[in-house]
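Fold and contact review
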Amino acid sequence: MKIFYFAKIKEIIGKNEDIINIDKQMTVGDIVKMLKLIDESYELAFKDLKNIKCSINCNYINSFQTKVKNNDEIAFFPPVTGG
Amino acid sequence: MKIFYFAKIKEIIGKNEDIINIDKQMTVGDIVKMLKLIDESYELAFKDLKNIKCSINCNYINSFQTKVKNNDEIAFFPPVTGG
Amino acid sequence: MKIIFQTKKLNIEEVLKSFSSQNSSSGAVISFLGKVRPSRNKKKIKSMDIEIYEKMALYQTKLAIKNLLKKFNIHDYFIMHRYGNLKPGENIIFLIVASEHRKEGFQFIQEILFYFKKKITFWKKENYIQSSKWLDSQN
Amino acid sequence: MKIIFQTKKLNIEEVLKSFSSQNSSSGAVISFLGKVRPSRNKKKIKSMDIEIYEKMALYQTKLAIKNLLKKFNIHDYFIMHRYGNLKPGENIIFLIVASEHRKEGFQFIQEILFYFKKKITFWKKENYIQSSKWLDSQN
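The structure contained in this document is the topic of the report that follows. (Residues numbered from 1 in each chain as written. Chains lettered and ligands numbered in written order. Predicted model: local features only at pLDDT ≥ 70, side-chain atom pairs only at ≥ 80, totals over all residues. Heavy atoms only, no water.)

**Some remarks on the interface of chain D and chain C**
Filter applied, for reference: Here, residues are in contact when the closest pair of their heavy atoms is within 4.5 Å. Buried area: the accessible area, evaluated with a 1.4 Å probe, that two parts lose upon being put together, summed over both parts. For salt bridges, the criterion is a side-chain nitrogen of Lys or Arg within 4 Å of an Asp or Glu carboxyl oxygen. Two N or O atoms count as a polar contact when they lie within 3.5 Å, although within protein this holds only if one can serve as hydrogen donor and the other as acceptor, and sequence-adjacent residues are included solely when both atoms are side-chain atoms. Secondary structure elements follow DSSP: runs of H or I no shorter than four residues count as helices, runs of E no shorter than two count as strands, and numbering proceeds from the N terminus. Throughout, the ten residues Ala, Val, Leu, Ile, Met, Phe, Trp, Tyr, Cys and Pro are labelled nonpolar, Asp, Glu, Lys and Arg are labelled charged, and all others, Gly among them, are labelled polar. Two strands pair if DSSP finds at least two bridges between them.
In this assembly, 33 residues from chain D lie in contact with 33 residues from chain C. With both sides pooled, the region where chain D packs onto chain C buries about 2,700 Å², and carbon together with sulfur makes up 57% of that total. Of all residues in chain D, K35, R37 and F106 of chain D bury the most surface against chain C, accounting for 22% of the area lost on that side. In this structure, the connection of chain D to chain C is made through four salt bridges. Among the ionic pairs, R37 of chain C bridges to E100 of chain D, the shortest N-O distance being 3.2 Å. Our enumeration of links across chain D and chain C arrives at 13 residue pairs in polar contact (both at pLDDT 80 or more). Of all the elements in the fold, those that place two or more residues in the side of chain D that touches chain C are α1 (12–22), β2 (28–35), β7 (91–99) and α3 (102–118) of chain D. With eight residues, β2 of chain D is the single largest residue contributor to the side of chain D that touches chain C. A class-by-class count of the residues in the side of chain D that touches chain C yields 13 nonpolar, 13 polar and seven charged. As judged from the seven bridges shared by strand β2 (residues 28–35) of chain C and β2 of chain D, these two strands associate in the antiparallel manner. Counterpart to S31 of chain C in the pairing with β2 of chain D is S31 of chain D.

This is the structure we're talking about:
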């Protein structure tokens, strides 16, 4: 599973993607819990989940309870500021 | 007093201006009455006063009761259609 | 801060380019371009005659701008309106406005258009194959 | 019907010119240009970094357009958004839309802008003399 990070989240973590493998279906919330165990930078990046948006295969998700599969492309990022 | 005509009114009358002299203050309505005596084309042009706008010195007037002086510039025209 | 009424064609790219670079510190630049349509109610438009009462048009445009600048914080504007005989596809009006934020720019430009529909002394006549018609004012 | 996200500078005059002539039968052509401002809260902006999640930005833009075209009768549109490192005064976004009447054009372009503020995956960071700041999302 590819996980992308953007903007401030990318800066805090210090890289723009991770590739992980999951052997069963998990929720986005589970993924975040896993990532936070990696190191302090992830913990800091995912501290304030209210201000983090997530997409699965380019679609916004409404809830961190949404399930993901191993071949999904996930992204975490702050609210957008384009235009 | 210069009187200008525009658009359909100009076309009906067949010219774009008249110069007349008035020796006393008159209303715009009085002017229109005078003009309608000139010939049938004026009568036709000023038949439907509801659809005729009038300006004095480039300002719209609200009523044909508005008074005019001999050195005023008057114009009669249909509602505008610019833009 | 320019108002131009002219018979020659409007060179909108040039205006956009110079206007935009002159207002490089404005966050938003919005433009409106109005053109002669090719037909009306399936009747082909051969050409359009636009008549102007120029002195009053200029006076009324300045009056409108003066009122609008009290309501909206605008950095700069450029108003062009053509008159004379135009062909389908040719530019009638080009409005461009620079502002700090987009909202006031959109409002300003739409209000200017409203004045052109209601107050500013231009009249349009469409020439079809077999007839001509002065346009009615819009609501 | 074009969407372009690019790092090189936006050539807006060229786009306006070709777009306008390609859509010569549209009564209204409306454009919006958004630029990097020179300062924020009196702090001089040295440059702006714009980041993009390109795959999703494209997908979300197409989705937005699809929804908007159900609501508005639009003849054509062109959407350009830049990313990378920009200087004050440079163009961030250029939207242009051709429609029969002005009202739907103004609505369409403002709704597109709304999507760029809310859904389409671009992020801006302003670089000042001594610091940098990712912008907060607007309401």
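**Focus: the pattern of salt bridges**
A complete count under the given rule lists 26 salt bridges over all chains for this structure. Across the salt bridge formed by E73 of chain B and K55 of chain C, the nearest N and O atoms sit 2.8 Å from each other. Taken as a pair, E73 of chain B in strand β7 (residues 73–77) and K55 of chain C in helix α2 (residues 54–71) lie in two separate chains rather than in one. Overlapping salt bridges, with partners in common, bring together K9, R82 and E90 of chain C in one network.

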